[in-house]
Amino acid sequence: SVTGLIVKSTVETLMIALAGTSLAVILSLPLGFLAASNVSPPWLSHPVRWLLGLIRSIPLIVVAMLFVVAVGLGPFPGTLAIAFHSLGMLGKFYAEEFETAEPGIIDAVRGTGATWVQTLRFGLVPQCIPQLVSFTVYRFEMNFRDAAVLGLVGAGGIGYYIQLYVRGFQYEKVAVLLLVIIAVVWLLDQLTFVARRWIR
């Protein structure tokens, strides 16, 4: 009886997670560069790290509630909340990965007269791509679970219907939706495993 609803809400939740993760990646990469101590001066990297820590310290559910108040109900505030919360975590992961890069390669590229951007493009990023992809895919898996929860505060997705059915005491439908979440998370986990094997 909830087949159509399951398909619609699951796709919506996946889209929230995908859009939020994509937006976070676009914003996290430059912040990761700025926060990495081996490519940015201390006067810049330390404040950026502090900013990323501040973003991570705000609970996701609080962020979602603020965006719901700001832009209304639906998947859009959920996407913004996912992007905002992921920004703090991915920025930290990216910065730490950039700091593990082999300094000799970076110095060699810089020694050719490359600009700061070219040094990052040809000396830093190629060393870090496998882990960057791994972090991003793993974060997407986490964001699907988070997106399912955000529906509880009116941010769209499958969680919105779970809280509706809970309020209506229709627990058999809640159970079906929970099973769907478990199945999708398992599939995303397999996708993460395959992606990690592929990039190695």
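Residues numbered from 1 in each chain as written. Predicted model: local features only at pLDDT ≥ 70, side-chain atom pairs only at ≥ 80, totals over all residues. Heavy atoms only, no water.

1. Section: the packing of aromatic side chains
- With the rule as written, the count across this model stands at five aromatic pairs.
- Relative to Tyr161, the ring of Tyr160 lies with its centre 5.3 Å away and its plane at 80°, an arrangement referred to as edge-to-face.
- Ring centres of Phe169 and Tyr171 lie 6.2 Å apart, and the angle between their planes is 75°; on these two criteria the pair is classed as edge-to-face.
- A relative accessible area of 61% places Phe169 in the exposed class.
- Cation over ring: Arg121 sits above Phe122, and NZ or CZ is 4.8 Å from the ring centre. (Phe/Tyr/Trp six-rings, centres within 6.5 Å; stacked < 30°, edge-to-face > 60°. Buried < 20%, exposed > 50% of the residue type's maximum accessible area, 1.4 Å probe, protein only. Lys NZ or Arg CZ within 6 Å of the ring centre and 35° of its normal.)

2. What about the pattern of salt bridges?
- The full count for this structure, using the stated rule, is five salt bridges.
- Here Glu96 ties to Lys92 by a salt bridge, and the two come within 2.8 Å at their closest N and O atoms. Of the two residues, Glu96 and Lys92 are both situated in helix 4 (residues 75-99); the distance of four residues between them amounts to about one turn of the helix.
- Asp146 is the salt-bridge partner of Arg139, the closest N and O atoms lying 3.9 Å from each other. For the residue pair Arg139 and Asp146, the accessibility class agrees, reading buried in each case. (Salt bridge = Lys/Arg side-chain N within 4 Å of Asp/Glu carboxyl O. Helix = DSSP H or I, 4+ residues; strand = E, 2+ residues; numbered from the N terminus.)

3. Comments concerning the packing of helix 3 (residues 60-71) against helix 4
- Their axes nearest at 8 Å, the elements helix 3 and helix 4 cross at an angle of 140°. Viewed along their axes, helix 3 and helix 4 adopt a mutual orientation that is oblique. When the axes of helix 3 and helix 4 are compared, the crossing they make is right-handed. Here Leu60, Val63, Ala64, Phe67, Val68 and Val71 of helix 3 come into contact with helix 4, specifically with Phe76, Pro77, Leu80, Ala81, Ile82, Phe84 and His85.
- Grouping the amino acids of the contact of helix 3 with helix 4 by side-chain chemistry returns twelve nonpolar, one polar and no charged. (Axes fitted to C-alpha atoms, helices over the stretch in contact; angles between N-to-C directions. Parallel < 35°, antiparallel > 145°, perpendicular 65-115°, else oblique. Left-handed = near helix turned anticlockwise from the far one by under 90°. Contact = heavy atoms within 4.5 Å. Nonpolar A, V, L, I, M, F, W, Y, C, P; charged D, E, K, R; others polar.)

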